[in-house]
Amino acid sequence: DRVISAGADTEEREIEAALRPRNLHDFVGQRRVRDQLSLVLEAARLRGRSADHVLLSGPPGLGKTTLSMIIAAEMNAPLRISSGPAIQHAGDLAAILSSLTEGEVLFLDEIHRMSRPAEEMLYMAMEDFRVDIVVGKGAGATAIPLELPPFTLVGATTRAGLLPGPLRDRFGFTGHLEFYGSDELELVLRRSAAMLDMQLNSAAFSEIASRSRGTPRIANRLLRRVRDWALVKGLEQVDARASSNALDMYEVDSRGLDRLDRGVLEALCLKFGGGPVGLSTLAIAVGEETETVEEVAEPYLVREGLLGRTPRGRIAMPAAWKHLGLSVPKDSPV
Ligand code: ADP
């Protein structure tokens, strides 16, 4: 039930797909990654070769899947989509790799969650465009080499540091996606509103942008909630007040924090006196997986100056206490 959650219904997914920018030109923000990627793709085109393997890292909803689609489109190549958790056996990966066509782009989301044997198979595939298919078991097992057509792997991960060094090193280009600024989110929203045929004034765009947690996926979701609101209330034009009224219902606060974000801060301040507290203890206190707290909630809380990571554990920054309407305790670690 998080606004950010992947468990969106079919209509939501369809709208999300419809709103995806189709080329680098329409992809808002991330200037550096965009420029670098554009160079990598242009060079590959000039050489008449498939592009180098690309690793994209960053929190969910910042555009990794979208960029993989753009890479395929710009290379005029077909795109295959799979993910680390879907590849548990080397055989799963072998089946995908052996069916790739020349120049195809293979997008592997959450690549850090692939199994070890599959990962090792991937090393060879990335480097030599070859895999060894093992047939039989025990002493009679033989490895049959299989040549692969040149392909481009686009791997996505929430943090590049989660990948083993040998895998990271095999990517020719790594792009780190950053949270988006309000101006950029407003551009995303303006583009989406035009596509959804919605009328919003400037103040409404900036209200929604400021609550979007630096994340285009959230900006688009919030926009759709505002669209529902406008429909039900019979509004032709949406202003800031209507937007904030609509969004108050979805537990995204004025700073863009959602329930999980606030849960983490509340646990940190109220249960652990502002910390320092270990990540896993904090995760248990909010009833979430350690990885979710670390990869989904924390990056934004750190960026907003609300949470600090220290060698002794997580601490609440003064702004966290203030945001929760509490006074900063005298013995606060910062
Ligand atoms: P990720 O794979 O990083 O989780 P996605 O690529 O699925 O994120 O992006 C989520 C949604 O956000 C997409 O529907 C897309 O429309 C929108 N989006 C992401 N990045 C941008 C961007 N730079 N410009 C415009 N829309 C974007």
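All of these numbers come straight from a predicted model, not from anything done at the bench.

Side note on the nonpolar core
Reasoning step 1: Leu189, Ile208, Ala219, Val264 and Leu268 are the most contacted members of the largest nonpolar core, which has 41 residues in total.
Reasoning step 2: Elements with a contribution of two residues or more to this core: helix H7 (182-195), helix H8 (202-210), helix H9 (216-233), helix H10 (240-248), helix H11 (259-271), helix H12 (279-286) and helix H13 (290-303).

Quick word on the sheet that holds strand E6 (residues 152-157)
Reasoning step 1: Here we have five strands laid out as an open sheet, ordered E2-E3-E6-E1-E7, and parallel in their pairing. Lying at the two open borders of the sheet, with one neighbouring strand each, are strand E2 (79-83) and strand E7 (173-176). Strand after strand, the sheet turns through a mean of 15° between neighbouring axes, direction not considered.

Topic: the UniProt feature "domain: AAA+ ATPase" (unreviewed entry) in the protein chain
Reasoning step 1: Feature annotation in UniProt places "domain: AAA+ ATPase" (unreviewed entry) on residues 50-183, given in this structure's numbering.
Reasoning step 2: Taken end to end, residues 50-183 is 30% helix and 27% strand, and its two terminal C-alpha atoms sit 35 Å from one another.

Regarding the environment of Glu110
Reasoning step 1: When you line up the elements, Glu110 lands in the loop between strand E3 (105-109) and helix H5 (116-128).
Reasoning step 2: When the C-alpha atoms of Glu110 and Ser57 are compared, they prove to be 9.5 Å apart, with 53 residues separating the residues in sequence.
Reasoning step 3: Apart from residues lying up to four places away in sequence, Glu110 is in contact with Ser83, Gly84, Pro85, Ala156 and Thr157.

A closer look at the pairing of E6
Reasoning step 1: Of all six residues making up E6, six are buried, and the element is well covered by its neighbours.
Reasoning step 2: The side-chain alternation of E6 yields two buried faces, one formed by Thr152, Val154 and Ala156 and the other by Leu153, Gly155 and Thr157.
Reasoning step 3: Where strand E1 (residues 54-57) and E6 come together, four bridges link them in parallel fashion. Looking at the pairing, Ser57 lines up with Thr157 of E6.
Reasoning step 4: Pairing geometry for E3 and E6, over four bridges, is parallel. What sits directly across from Phe107, in E6, is Val154.

Structural notes on the environment of Pro149
Reasoning step 1: Looking at the secondary structure, you find Pro149 in the loop between strand E5 (142-147) and E6.
Reasoning step 2: A residue is classified by how many C-beta atoms lie within 10 Å of it, and Pro149, with 13 of them, is partly exposed.
Reasoning step 3: As for Pro149 and Ser99, which are separated by 50 residues in sequence, their C-alpha atoms are 9.3 Å apart.
Reasoning step 4: With sequence-adjacent residues up to four places away left out, Pro149 is seen in contact with Leu100, Thr101 and Glu102.

Some details on the UniProt feature "binding site: ATP" (unreviewed entry) in the protein chain
Reasoning step 1: As recorded in UniProt, the sites labelled "binding site: ATP" (unreviewed entry) are Leu19, Arg20, Gly61, Lys64, Thr65, Thr66, Glu127, Asp128, Phe129, Arg170, Tyr180 and Arg217. Annotated residues spanning 199 residues; largest pairwise C-alpha distance 36.7 Å, indicating distribution over more than one region.
Reasoning step 2: Structurally, Gly61 is set in the loop between E1 and helix H3 (64-74).
Reasoning step 3: Taking the number of C-beta atoms within 10 Å as the measure of exposure, Gly61 has 26 and is therefore buried.
Reasoning step 4: Tracing the chain through its elements places Asp128 in helix H5.
Reasoning step 5: Take Asp128: there are 11 C-beta atoms within 10 Å of it, and that puts it in the exposed class.

Considering the packing of H11 against H13
Reasoning step 1: Contact geometry of H11 with H13 gives a least axis separation of 10 Å together with a crossing angle of 80°. Between H11 and H13, the angle is such that the two are roughly perpendicular. From H11, Leu260, Asp261, Val264 and Leu265 reach across to H13, where they touch Val293, Val296, Ala297, Tyr300 and Leu301.

What counts and what doesn't
Residues numbered from 1 in each chain as written. Predicted model: local features only at pLDDT ≥ 70, side-chain atom pairs only at ≥ 80, totals over all residues. Core = buried A, V, L, I, M, F, W, Y, C linked by C-beta atoms within 7 Å. Buried ≥ 20, exposed ≤ 12 C-beta atoms within 10 Å, placed from the backbone. Helix = DSSP H or I, 4+ residues; strand = E, 2+ residues; numbered from the N terminus. Pairing = 2+ DSSP bridges. Axes fitted to C-alpha atoms, helices over the stretch in contact; angles between N-to-C directions. UniProt positions renumbered as here; feature names shortened; annotations may be inferred. Contact = placed C-beta atoms within 7 Å. Parallel < 35°, antiparallel > 145°, perpendicular 65-115°, else oblique.

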